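# Architecture and fold: a report
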Amino acid sequence: MFSDRLIRPGDPAFFDILHSFMGYRTCYYRTFAVGSASRAQVDAYQRCRDYMDQAIELVKPGATTADIVSVWPTAQEFGFADEEAAFGLQYGHGVGLSIWEKPIFSRLVSLEHPEVIEEGMVFALETYWPAADGWGAARIEEELVVTADGAEVITKFPAEQLLVAGQRYFTTGGALPLQRHSQSHINNRPGEDGAHR
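The shown structure was predicted, so the numbers you read here are calculated from the model rather than taken from an experiment. (Residues numbered from 1 in each chain as written. Predicted model: local features only at pLDDT ≥ 70, side-chain atom pairs only at ≥ 80, totals over all residues. Heavy atoms only, no water.)

This part is about the side chain of R139. On the secondary structure map, R139 appears in strand β6 (residues 137-147). In terms of polar contacts, R139 uses its side chain to reach the backbone carbonyl oxygen of G88, at 2.6 Å. Among the polar contacts made by the side chain of R139, one reaches the side chain of E126 at a distance of 2.4 Å. (Helix = DSSP H or I, 4+ residues; strand = E, 2+ residues; numbered from the N terminus. Polar contact = N/O pair within 3.5 Å; in protein donor to acceptor, adjacent residues only side chain to side chain.)

Here it is as structure tokens:
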């Protein structure tokens with residue numbers, strides 16, 4: 001999706017990469033910070049990544065979709081009234097000749113109707129977490145194949161930490177930090193640890 005809104009320094013940018021090769025699909029989300037990232041954006045990304053890593057650790061033959069979604073937060077924990085309203089934010093789905101195939105991973109359906117994970121399945125897991133400042137959020141999606149020993153992540157674009165994209169800015173004192181508040185005057189105040197941002 002697109003609009004005529006300009007992307008500005010400090011904005012989060014989300015990309016859902018959907019490709020097809022010889023009929024087979026791919027699906028994975030990546031979040032970037034443009035130019036720099038606020039502490040709230042970095043924290044949201046880390047929490048989102050933590051939920052992803054917990055889920056990947058549980059993937060193995062014989063586990064169920066209920067096992068995976070049990071480590072994800074409830075809809076109310078990240079600001080939604082119920083699981084239906086938050087559907088698709090903490091989510092997983094099979095990937096093959098179509099984007100959204102079985103198995104389905106969602107607190108809305110998986111806890112009551114779990115599906116068994118089998119060796120050879122290919123699916124994507126998606127996690128989300130809003131930033132505490134109300135401005136941004138983080139979204140990560142990894143695609144994996146189930147092996148006899150667990151999960152092999154087959155998406156190769158980095159997602160361990162929030163990536164900052166765009167031009168690096170410099171001042172007379174050197175490079176601006178990649179982690180900074182979007183309001184410039186706040187960057188001149190001591191941070192919580194006593195250091196300037």
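On to empty space enclosed by the protein, then. Evaluation of the coordinates by the stated rule reveals three cavities of 30 Å³ or more. Residue lining of the largest cavity: G10, D11, P12, A33, S36, A37, S38, Q41, A131, D133, W135 and G136, and that is the complete set. Counted by class, the lining of the largest cavity contains five nonpolar, five polar and two charged residues. In this structure, the second largest cavity occupies an estimated 40 Å³ of space. Along the walls of the second largest cavity sit F78, E83, A86, F87, G88, Q90, S106 and R107, which together make up its complete lining. In terms of residue class, the lining of the second largest cavity is built from three nonpolar, three polar and two charged. (1 Å grid on protein atoms, 1.4 Å probe; cavity = no way out; pocket = protein on both sides within 12 Å on 5 of 7 lines; lining within 4 Å. Points joined across faces, edges and corners; volume = space filled by probe spheres on them. Nonpolar A, V, L, I, M, F, W, Y, C, P; charged D, E, K, R; others polar.)

Turning our attention to the environment of P61. You can see P61 is positioned in the loop between α1 (39-58) and α2 (65-69). Classification of P61 as partly exposed rests on a relative accessible area of 32%. Linking P61 and A148, residues 87 residues apart in sequence, is a C-alpha distance of 6.5 Å. Beyond its immediate sequence surroundings of up to four residues, P61 is in contact with I117, E119, V146, T147 and A148. (Buried < 20%, exposed > 50% of the residue type's maximum accessible area, 1.4 Å probe, protein only. Contact = heavy atoms within 4.5 Å.)

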